[in-house]
Amino acid sequence: MIARLKETYRGMRLGTRLALGLGALALVVFAVVGSALTMYMRDYLSRQLDEQLHVAQVAQSKSIAADGTLEGKKYWGWYYAVYDIKDGTPELRTPADSVDLPQDIDDFTRLAADQVDSDTEITRTEQLGDAGLYRLRACEAEPGVILVGAAPLAEVEDTVEQLVTIQVIAFALALAALVVFGRAMLRRGLKPLSDMAHTARGITSHDLTDSARLPVRHDRRDGGPEVEELRTAFNRMLEHIDDAFAVRTAAEQRLRQFVADASHELRTPLMSVRGYADLFQYAAAHSPEERDKHLARLRAEAARMGVLLDDLLTLARLDAADVEAPLRWEETDLVELAQQAGDAFRAGHPDHPLTLTTGPDRVRLRLDPLRVRQVLDNLLTNAAVHTPAGTKVHVEVCVGSGMAEVRVTDSGPGIPVDDQERVFDRFYRVDKARSRDRGGSGLGLAVAHSLLRAHGGTLTLTSAPGATTFTVRLPLDDAPE
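Quick caveat, the model's predicted, so the values are computed rather than measured.

Student: Even after reading the chapter, I still don't get the environment of Gly-182, so can you show me in this structure?
Tutor: Note on placement: Gly-182 falls in helix 4 (residues 154-189). Each C-alpha atom of the pair Gly-182 and Ala-19 lies 5.8 Å from the other, and the pair is 163 residues apart in sequence.

Below, the structure written as structure tokens:
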């Protein structure tokens with residue numbers, strides 16, 4: 001039974017449970033208040049009755065002293081007994097009226113005996129047989145005479161019972177009203193929580209596979225500061241989920257695009273290798289003079305595929321830099337690296353005149369010289385590949401604002417504005433129609449950007465017709481080990 005009640009209680013809504021809890025608390029408060037009020041009322045009425053006994057006995061004592069009788073000084077329903085003290089023992093004086101005494105007077109006699117040895121009046125509550133509960137009071141009416149009076153407590157008890165009845169009815173009505181109206185008010189106050197639950201159910205019913213945004217928010221602002229705080233935290237949580245889904249969706253899209261582009265880029269050299277291998281096999285059997293030419297092309301395609309795989313491996317290792325560090329740090333002169341890259345560019349691209357300007361004679365940094373040299377070679381090669389012959393290229397090395405900078409500028413036609421934000425994306429080509437032999441795989445700038453980010457630096461682009469500048473920035477502080 002108790003287990004069933006617990007299960008039923010757990011199945012109730014929060015507003016109902018709070019209302020019942022509030023009702024139980026109110027019931028305890030009502031019980032304490034009612035008990036205290038009842039006890040106070042009983043004590044008050046008892047004191048009043050004691051006062052009436054005292055006043056009555058003062059008048060009766062005067063009547064006994066003057067006339068030796070209680071005539072005209074009695075109250076209806078009260079009992080009276082007069083005792084004469086002889087040798088320290090109370091003896092009952094014959095009453096003027098038989099109704100003045102109950103059938104059993106033992107309680108009166110004991111009280112009179114106790115009064116003989118007492119200096120003050122004695123008051124007691126006794127059950128006088130079938131007569132009921134009475135309040136007894138003994139006093140010395142005159143020397144050698146003890147007066148014992150008894151007043152019924154029936155009216156006091158009736159008054160207390162009526163008070164208890166009124167309290168029970170009033171408290172029951174108040175408790176019922178408290179539970180009913182309290183539940184209604186609590187449900188109204190907790191409605192924002194129900195709205196949040198409805199919003200959460202909307203999330204569960206929303207398809208999260210096609211979109212990274214959750215089209216639900218809780219915008220109602222009622223319910224008080226606590227609910228407002230919860231609403232704010234709830235909406236922030238949704239924003240965080242949105243951001244997490246956006247990052248995940250973007251990563252999945254990049255991964256799918258990366259796999260598709262990598263597969264496409266690798267398929268071409270693989271097909272070429274397979275074709276030249278077949279031609280090499282045919283030439284070896286039928287045309288030996290063509291064998292070396294096909295073998296050279298086979299090696300060229302294999303080398304091209306090797307470069308592509310190296311770039312993919314570099315990007316993968318940079319993406320997993322928290323697992324392994326693909327950089328080898330050492331003290332290096334950035335000016336010397338730029339000069340070496342310039343000399344190699346002049347030798348490989350004599351149709352693109354290059355000038356080199358250096359501010360300081362030496363710029364010592366902790367970096368991976370092979371990777372930074374790879375960045376400079378990629379930028380210079382990019383300037384040569386995507387500009388016509390005769391285009392001037394300028395390299396400048398300078399220091400400023402705590403950063404070392406290398407600017408690679410060409411005077412070519414520039415990069416369209418729509419393409420400038422995506423030139424660092426993997427496999428992205430500004431000219432979609434450019435052949436792979438001329439345009440490359442679209443990984444050079446992506447590799448350069450990732451390598452500089454691994455160094456704690458940046459790679460930025462500014463381009464306009466006649467001036468396209470890639471700016472390499474590296475921190476002058478020590479790089480991490």
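Student: What's the story with the sheet that holds strand 9 (residues 393-400) in this structure? I'm lost.
Tutor: What links the strands of a sheet is backbone hydrogen bonding, and the strands pair in either a parallel or an antiparallel sense. Taken together, the 5 strands give an open sheet; going across it, the order is 7-9-10-12-11, and neighbouring strands pair in mixed fashion. Looking at strand neighbours, the two that pair on one side only are strand 7 (354-358) and strand 11 (458-464), the edges of this open sheet. For this sheet, the mean angle separating the axes of adjacent strands, direction not counted, is 15 degrees. Taken together, the 8 bridges between strand 9 and strand 10 (residues 403-410) define a ladder with antiparallel strand orientation. Of the residues in strand 10, the one forming a bridge with Glu-396 is Arg-407. Strand contacts of helix 8 (residues 334-348): strand 7, strand 9, strand 10 and strand 12 (467-475), with the helix running at about 175 degrees to strand 7, the strand carrying the most contacts. On top of the sheet, helix 12 (residues 444-454) reaches strand 11 and strand 12; it is set at about 135 degrees to strand 11, its chief contact.

Student: What should I look at first to understand the environment of Leu-147 in this one?
Tutor: For Leu-147, the location among the structural elements is in strand 5 (residues 145-152). Remark: the alpha-carbon pair of Leu-147 and Val-82, spanning 65 residues in sequence, is separated by 4.8 Å. Setting aside residues up to four positions removed in sequence, Leu-147 forms contacts with Gln-57, Gln-60, Ser-61, Ile-64, Leu-70, Ala-81, Val-82, Arg-137, Ala-138, Cys-139 and Ala-141.

Student: Help me out: how do you make sense of the environment of Leu-474 in this one?
Tutor: Within the element layout of this structure, Leu-474 appears in strand 12. Sequence spacing of Leu-474 and Arg-366 is 108 residues, and the spatial spacing of their C-alpha atoms is 9.7 Å. Apart from residues no more than four positions distant in its own chain, Leu-474 is found in contact with Leu-334, Leu-365, Leu-367, Val-372, Met-403, Ala-404, Leu-452, His-455 and Gly-457.

Student: Help me out: how do you make sense of the nonpolar core in this one?
Tutor: One broad rule of soluble globular proteins: the nonpolar side chains tend to lie buried together. Grouped together as the largest cluster of nonpolar side chains are 39 residues, with contacts concentrated most on Leu-334, Leu-379, Leu-380, Leu-459, Phe-470, Val-472 and Leu-474. Mapped by element, the contributors of at least two residues to this core are helix 8, strand 8 (364-367), helix 9 (369-385), strand 9, strand 10, helix 12, strand 11 and strand 12. Element by element, the count of residues in this core is highest for helix 9, at 7 residues. Judged by nonpolar contacts, the second largest core, of 17 residues, contains Leu-49, Leu-53, Ala-56 and Cys-139.

Student: Would you mind showing me how to read the UniProt feature "transmembrane region" (unreviewed entry) in the protein chain here?
Tutor: Residues annotated by UniProt as "transmembrane region" (unreviewed entry) correspond here to residues 20-41 and 164-186. A helix fraction of 100% and a strand fraction of 0% characterise residues 20-41, whose end C-alpha atoms lie 31 Å from each other. Along residues 164-186 the backbone is 100% helical and 0% strand, and the end-to-end C-alpha distance reaches 31 Å.

Student: I would appreciate a short explanation of a nonpolar patch on the surface in the present structure.
Tutor: Residues Leu-22, Leu-25, Val-29 and Val-33 make up a contiguous nonpolar surface patch of roughly 330 Å² in combined accessible area. The residue Leu-22 is located in helix 2 (residues 14-67) in this model.

Student: Just checking my understanding: could you explain unusual backbone geometry for this structure?
Tutor: Leave glycine aside and you will find that most residues have negative phi; peptide bonds, for their part, are mostly trans. Phi is positive for Asp-87, which is not a glycine, with a value near 55 degrees. Residue placement: Asp-87 occurs in the loop between strand 1 (79-86) and strand 2 (89-92). For Asp-87, a relative accessible area of 82% corresponds to the exposed category. Residue Ser-401 is not a glycine yet carries a positive backbone phi of 55 degrees. By the element assignment, Ser-401 lies in the loop between strand 9 and strand 10. Looking at Ser-401, the relative accessible area reads 79%, which means it is exposed.

Student: Even after reading the chapter, I still don't get the pattern of salt bridges, so can you show me in this structure?
Tutor: Between side chains of opposite charge, a pair can form as their charged atoms come close. Under the defined criterion, the tally for this structure stands at 12 salt bridges. In this structure, Glu-396 and Arg-407 form a salt bridge, with 3.6 Å as the shortest nitrogen-oxygen distance. Remark: Arg-407 occurs in strand 10 and Glu-396 occurs in strand 9; sequence separation between them is 11 residues. Among the residues examined, Arg-407 registers a relative accessible area of 26% and is labelled partly exposed. Overlapping salt bridges, with partners in common, bring together Glu-396, Glu-405, Arg-407 and Arg-473 in one network.

Thresholds applied
- Every chain begins its residue count from 1, and numbering advances along the sequence as written.
- Only residues with pLDDT of at least 70 are given local features in this predicted model, and only at 80 or more are side-chain atom pairs given and counted; all residues enter the totals for whole chains, interfaces and linings.
- For the side-chain quantities, the full set of heavy atoms in the structure was used; hydrogens and water were omitted.
- Under the scheme used here, helices are H or I runs from DSSP no shorter than 4 residues and strands are E runs no shorter than 2 residues, and both carry numbers assigned from the N terminus.
- Between any two strands, pairing holds if DSSP finds at least two bridges.
- Lines fitted to C-alpha atoms define the axes, with helix axes restricted to the stretch in contact, and inter-axis angles between N-to-C directions lie between 0 and 180 degrees.
- Contact definition: two residues touch when any of their heavy atoms are within 4.5 Å.
- Nonpolar core, defined: a set of buried Ala, Val, Leu, Ile, Met, Phe, Trp, Tyr and Cys residues in which side-chain atoms within 4.5 Å join the residues together.
- Using a 1.4 Å probe on the protein chains alone, a residue whose accessible area is under 20% of its type maximum counts as buried, one over 50% counts as exposed, and one in between counts as partly exposed.
- UniProt positions are given in the numbering used here, feature names are shortened, and annotations may be inferred rather than shown by experiment.
- Candidate patch residues must exceed 30% relative accessible area and have no salt bridge, after which like charges are joined if within 9 Å and Val, Leu, Ile, Met, Phe, Trp or Tyr side chains if within 5 Å.
- The accessible surface values rely on the Shrake-Rupley method and a 1.4 Å probe; as for residues, cover is taken only from the protein chains in view.
- Salt bridges are defined as contacts in which a side-chain nitrogen from Lys or Arg sits within 4 Å of a carboxyl oxygen from Asp or Glu.

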